[in-house]
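Coordinate inspection notes
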Amino acid sequence: MARAWFLAMDRTLWKGHGAPAWIRRRWEWGPTRWPLYWCEAVEAKELDCGAQAALTVEAFAARGVLALPAQLVQQYDVHSTPHWHSRWTACGASPTWTQDGLVYHEVCAVVRDGRAEIWNPTVTSWVSPDDLQGYASVAAVRIDRGSSAQSEVTWGSLRIPLDRWVVPGANGNGRHGKCSGDR
């Protein structure tokens, strides 16, 4: 029932184009305890990036759009992360996604004709492949294969093999790495 409600809301609020920005308007960004079930998600007041990204993938998929789970490592000011760490700890949620100014962040990749666009549901905007320096810049990116038959996509000028972490270079080319947790 909760999933049916969610999909009905998306159909109601979708204007025929664009990303499901309504998700962020409905759920503030905040700590989430996992595992998370549909019935808990729809009743929550706030959801973390993983839950918001999962809902975004579901919304795009219901619209017939190839949407894949994706992850970023972003660089933040080292003074931002202790606050987030303590907030998650106080709520009994895991704070392991942040350390020393680096943040693991879950997003959604929309793939069309082998080209990916990355939607960040927690700030309701598309992530630019050119944001490689400064606050919230992309230090690494990974796009899951999901249901895609493709083995790689491009994001801007960056070639991304699916299911592998890529560290963007200053010139737009990336170093590919096998990290623990890669399939």
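Here is a short report on the structure shown in this document.

1. Notes on the nonpolar core
The tendency in soluble globular proteins is for nonpolar side chains to be buried side by side. Membership of the largest hydrophobic core comes to 18 residues, with the highest contact counts inside it found for Leu 72, Ile 118, Val 141, Ile 143, Val 153, Trp 155 and Ile 160. If you list the elements that add at least two residues to this core, you get strand E3 (67-75), strand E5 (102-112), strand E6 (115-120), strand E8 (137-143), strand E9 (152-155) and strand E10 (158-161). Of all hydrophobic cores here, the second largest spans 12 residues; its members include Phe 6, Leu 7, Leu 55 and Ala 59.

2. Overview of helix H5 (residues 81-90)
Among the residues of H5, Thr 81, Trp 84 and Trp 88 are the ones counted as buried. End-on view of H5: buried residues confined to an arc of 60°, all on one side of the axis. Looking at the buried side of H5, the elements it contacts are strand E1 (28-29), strand E4 (98-99) and E5. Once H5 finishes, Gly 92 follows within two positions and takes phi at roughly 75°, a positive value.

3. Side note on helix H4 (residues 49-62)
In this model H4 runs 20 Å from its N-terminal to its C-terminal C-alpha over 14 residues, within 8% of the 20 Å that 1.5 Å per residue would give. Looking only at H4, the buried set comprises Cys 49, Gly 50, Ala 51, Gln 52, Ala 53, Leu 55, Thr 56, Val 57, Ala 59 and Phe 60. Measuring from the side-chain oxygen of the N-cap residue of H4 to the backbone nitrogen of Gly 50 gives 3.1 Å; that N-cap residue is Asp 48. Positive phi shows up at Gly 64, right after H4, with a value of about 85°.

4. Re the pattern of salt bridges
According to the stated counting rule, one finds nine salt bridges in the structure shown. Note that Arg 142 and Asp 163 form a salt bridge whose closest N and O atoms lie 4.0 Å from each other. One end of the pair, Arg 142, is in strand E8; the other, Asp 163, is in the loop between E10 and strand E11 (165-168), with 21 residues separating them in the sequence. As far as burial versus exposure is concerned, Arg 142 and Asp 163 are alike and both buried. A network of salt bridges, in which partner residues are shared, links Arg 142, Asp 144, Arg 145 and Asp 163.

Definitions and cut-offs
- Residues numbered from 1 in each chain as written.
- Predicted model: local features only at pLDDT ≥ 70, side-chain atom pairs only at ≥ 80, totals over all residues.
- Heavy atoms only, no water.
- Core = buried A, V, L, I, M, F, W, Y, C linked by side-chain atoms within 4.5 Å.
- Buried < 20%, exposed > 50% of the residue type's maximum accessible area, 1.4 Å probe, protein only.
- Helix = DSSP H or I, 4+ residues; strand = E, 2+ residues; numbered from the N terminus.
- Arc of directions from axis to C-beta.
- Contact = heavy atoms within 4.5 Å.
- Expected span 1.5 Å × (residues − 1).
- Polar contact = N/O pair within 3.5 Å; in protein donor to acceptor, adjacent residues only side chain to side chain.
- Salt bridge = Lys/Arg side-chain N within 4 Å of Asp/Glu carboxyl O.

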